[in-house]
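Fold and geometry: a report
The residues making up each chain are set out below.
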Amino acid sequence: FADLLLDPPSVQDVASPVPFAPRDHGVAFRDISFRHSPAQPLLFDRFSLDVPAGTRLGLVGRSGGGKTTITRLLLRFKDVERCQILVGGQSIADLAQSSLRDAIAYVPQDPAMFHRSIADNIRFARPQATEAEVRRAAALAHAAEFIQSLPDGYDTVVGERGIKLSGGQRQRIAIARAILK
């Protein structure tokens, strides 16, 4: 594990990243090509996708089809071989990775939960959030109903990896976390 942390990241920021100032929150994959390693075939060959601002999009497909890879490319955990990905009209290759990732909330299929309270697990996205902001995010994520039915409400400790919650409840907490971010 320590070796992994000491390895330099495979994706580097440009020497002088431009400020992230998107004109909107649309996302565009423009004719991209990508493979996981030089020895593997292309996963995407001239793939394009436009997601206008405000659009809700679900990615559905077979296992290994590239759904998670699209998210990893958008967050710049990997770089494309050719062409570009745009957020709000800006190429993500020109941005600092930290500013890009600060602007994107992601809800994974199996969200991470901490042995802390429900409120703390939601607040993980923005530690300085007020109690009212946490409760509003939970309401918007349709989590407030089940949270309020728990014996300690927002103070309920979820256990290691959220063991005390169902899979759907963990997803709702993760959605609230994304909304709060």
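Notes on the structure follow.

Thresholds, definitions, all that
- Residues numbered from 1 in each chain as written.
- Predicted model: local features only at pLDDT ≥ 70, side-chain atom pairs only at ≥ 80, totals over all residues.
- Heavy atoms only, no water.
- Helix = DSSP H or I, 4+ residues; strand = E, 2+ residues; numbered from the N terminus.
- Buried < 20%, exposed > 50% of the residue type's maximum accessible area, 1.4 Å probe, protein only.
- Contact = heavy atoms within 4.5 Å.
- Pairing = 2+ DSSP bridges.
- Axes fitted to C-alpha atoms, helices over the stretch in contact; angles between N-to-C directions.
- Phe/Tyr/Trp six-rings, centres within 6.5 Å; stacked < 30°, edge-to-face > 60°.

Locating R123 in the fold gives a position in helix α4 (residues 118-123). Residue class for R123 comes out buried when judged on its relative accessible area of 18%. For R123, the contacting residues outside a window of four places in its chain are A129, T130, E131, V134 and L180.

Turning our eyes to something else, we now look at the sheet that holds strand β3 (residues 82-87). Sheet architecture is open: four strands sit in the order β2-β1-β3-β4, paired in antiparallel fashion. Here the strands that pair on one side only, and so sit at the sheet edges, are β2 (44-51) and β4 (90-91). Relative to β2, strand β1 (residues 27-34) runs antiparallel, the two being bridged by six bridges. The partner of F29 across the bridge, within β2, is L49. Those strands touched by helix α2 (residues 67-74) are β1, β2 and β3, and its axis lies near 110 degrees from that of β1.

Moving on, we get to the packing of aromatic side chains. A full pass over the atoms with the stated rule returns three aromatic pairs. Grouped by ring-pair contacts, the aromatic residues F29, F44 and F47 constitute a single cluster.

Let us now look at unusual backbone geometry. One non-glycine residue, R76, adopts positive backbone phi at about 60 degrees. Its location among the elements puts R76 in the loop between α2 and β3. The phi dihedral of C83 is positive, around 65 degrees, even though this residue is not glycine.

Coordinates in, geometry out; function isn't part of it.
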